[in-house]
Structure formats: structure tokens, C-alpha cells
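An overview of the molecular structure
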Amino acid sequence: MPELSVFQFSLVYNMLSLAIASMLGSFAFFVMARSQVSKRFRPALVMSALVVGIAGYHYWRIFGSWDAAYQLNDAGTAYLATGKPFNDAYRYVDWLLTVPLLVAELVAVMTLPKGKRGSMMAKLIIASALMIGLGYPGEVTSDPTMAVVWGILSSIPFVYILYVLWVELTKAAEGESGEVKVLLRNTKLLLLGTWGFYPITYILGIEALGLVGGATSVVALQVGYSLADIAAKCGYGIMIYAIARARMASAGEELDEHAAVPAPAK
Ligand SMILES: *C/C=C(C)/C=C/C=C(C)/C=C/C1=C(C)CCCC1(C)C
């Protein structure tokens, strides 16, 4: 771990803290928002809550690991490595659990025919596991050539997932009008914008490529992934909620609770 300036250390420290707060806040929101959607959309909200819950826990652990890996020097001018390794595996374990859930969430609000939904989810979940499984050895290797090779291999399932979701979201939007159509289009853009951030951050993190310096590389990696995670998990979950609400409005659907309330006695 390279020596960091006080600013660099604190930037990562505060970003990780922001990520924890975002995940916890979103968790509370998704749990409460469950009662604001009809039954068919509840699984999507439960998945959103699971994603930010799992990520919140992992960010807590990453935060602790970051704090333990560095110590302020006696002069108070820089942060030096304590020798305790910073554990980056938390991030990849987190993605291994949350990316399939994020994909499933989106498929759940696309309202596909049942048979198609299952097979598409299965393919996308396998591709997600491959993308993350192939990315991890590249993230931890100190050999820049291997980092590039693993990065390229991981990008194959990455492109496949984005392609399938893009095509399916475009199809799903065709039969829609008004707000649902706009939301589906915005979800496509959010997906591309946030997921596209990960490989860029990965490249910045390969120190030997020399795109940014050693310390900057470490900082860019943590800040980049944290920002991308906040957008791809919290922001995306809110989009899913908005799509569910707009679909209910366009179908004239009531909340089930309302239907269950007995008519007032005359
Ligand atoms: C909540 C976490 C999410 C949405 C994580 C998404 C992660 C990716 C899209 C990662 C992609 C990668 C590549 C395409 C190549 C380099 C290695 C990865 C794993 C960073």
C-alpha cells in the first residue's frame, strides 16, 4: 500500500462512509416502499432491499479494513501503511451476490412472459458470475499484463449482459406509453452509465499502466467503485420502484391493502 496524503486517505474514508449511509438509508426506503406497490412488484422491492443490505454490510467491513490498513505518521502529515492488508475481496464477494439480484430485479419489472423470464434470468446470472469471477484475479494481480488479460475476459460477459438488457428494455418500452416508456429509457441509460464506470475504474486502478500515480491509483479505485455502487444500487432501486408505480398507474391498479379494507358500514 503506497503512502497517502491526509487528503487522499480522508477522501476514501469519507466516500466509504457515504456509501454505508446511502446503503442504510436506501434499505429503510425499500422496506417501507414495499407497501406502496401491488403484489406483483413486491419481489423487485425485496431484491432492492437485499442488494443495499448486503452492500451496506460489506461497506462496513471495507471501511474497517481501510481504517486498519493506514496510520497517521507522528508528524501528522501523511498516512503510512500499517502492514495490515486492505481486503479488497469484500467488494468482489459483494458483487457476486448483488449483481445477479440487480439483474433479476430489472427482469422482474419488465413483465416478460413466464417461460422467457426464467431462461433469461438464468443466462444473465451465469454471465454475471463469470464477469466477476474473471475480474477478480485481474484486480489482485500485480502483473499489469495479466490485469489487462483478465479485464478483457471479464468484459465479454459484461458486454453480453448489457446487450441483452439493452435489447430487452427497448422491447419492453415499445408497447408502453407515457411515464413507463420514459422510465424504461432512463433505466437503460442509468445502466450503461453506471456499469460502464466499473471497467474504467478498473483500468485507473492498474498502477503499472501509469495512467495515474500509485497513490492516486489506489484512491481512484476506491472512490470510483463507491460512487458507481451508490448509483448502481440505490439509484437503480429507486428507478425500479418508479417503474413499478408508473406501471400500476397505467394499469389502474390499486394497492392490495386498499382492496382489502371493508366498505364503511352504512
Ligand atoms: C453493485 C455492483 C455492481 C453493479 C457491479 C458491477 C460490476 C461490473 C460491471 C464490473 C465489471 C468489470 C469489467 C467489465 C472488467 C474489469 C473487471 C470488472 C469486474 C471491474
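Details of the structure are given in the entry above.
Residues numbered from 1 in each chain as written. Predicted model: local features only at pLDDT ≥ 70, side-chain atom pairs only at ≥ 80, totals over all residues. Heavy atoms only, no water.

Focus on the overall build of the protein chain
- Of the regular secondary structure elements, the protein chain holds 9 helices and 3 strands.
- Secondary structure of the protein chain in N-to-C order comes out as β-α-α-β-β-α-α-α-α-α-α-α.
- Once the C-alpha set of the protein chain is aligned to its principal axes, its extents read approximately 80 × 45 × 25 Å.
- Long-range contacts, defined here as pairs at least 24 residues apart, represent 77% of the contacts in the protein chain between residues at least 6 apart.
- When the accessible surface of the protein chain is summed, it comes to about 12800 Å², and 68% of that surface belongs to carbon and sulfur atoms.
- Averaging the coordinates of the 19 positive side-chain charges in the protein chain and doing the same for the 18 negative ones gives two points 13 Å apart. (Helix = DSSP H or I, 4+ residues; strand = E, 2+ residues; numbered from the N terminus. Contact = heavy atoms within 4.5 Å. Areas by Shrake-Rupley, 256 points an atom, 1.4 Å probe, with all protein chains shown as cover. Lys, Arg positive; Asp, Glu negative; His and termini not counted. Charge placed at Lys NZ, Arg CZ, Asp CG, Glu CD.)

Section: the nonpolar core
- Among the nonpolar cores identified, the biggest contains 83 residues, and W66, L106, M110 and W195 are the most heavily contacted of them.
- Elements with a minimum of two residues in this core: α1 (6-33), α2 (42-69), α3 (89-108), α4 (114-140), α5 (144-174), α6 (178-195), α7 (197-205) and α8 (214-251).
- In terms of residue count, the dominant contributor to this core is α8 (18 residues).
- Apart from residues lying up to four places away in sequence, W195 is in contact with V99, V103, M131, F158, I161, L162, L190 and A232. (Core = buried A, V, L, I, M, F, W, Y, C linked by side-chain atoms within 4.5 Å. Buried < 20%, exposed > 50% of the residue type's maximum accessible area, 1.4 Å probe, protein only.)

Regarding the site of the ligand
- In the vicinity of the ligand there are 19 residues, among which S154, F158, Y198, D229 and K233 approach most closely.
- Isolated, the ligand exposes 530 Å² of accessible area, and the fraction of that covered by the protein chains is 99%.
- Among the cavities detected, the one that contains the ligand is the second largest pocket.
- At the level of secondary structure, the elements contributing two or more residues to the shell around the ligand comprise α3, α4, α5, α7 and α8.
- Among the elements that line the shell around the ligand, the one with the most residues is α3, at 5 residues.
- For the shell around the ligand, a count of residues per class yields 12 nonpolar, 5 polar and 2 charged. (Near = heavy atom within 4 Å. 1 Å grid on protein atoms, 1.4 Å probe; cavity = no way out; pocket = protein on both sides within 12 Å on 5 of 7 lines; lining within 4 Å. Sits in = over half its atoms within 2 Å of the grid points. Nonpolar A, V, L, I, M, F, W, Y, C, P; charged D, E, K, R; others polar.)

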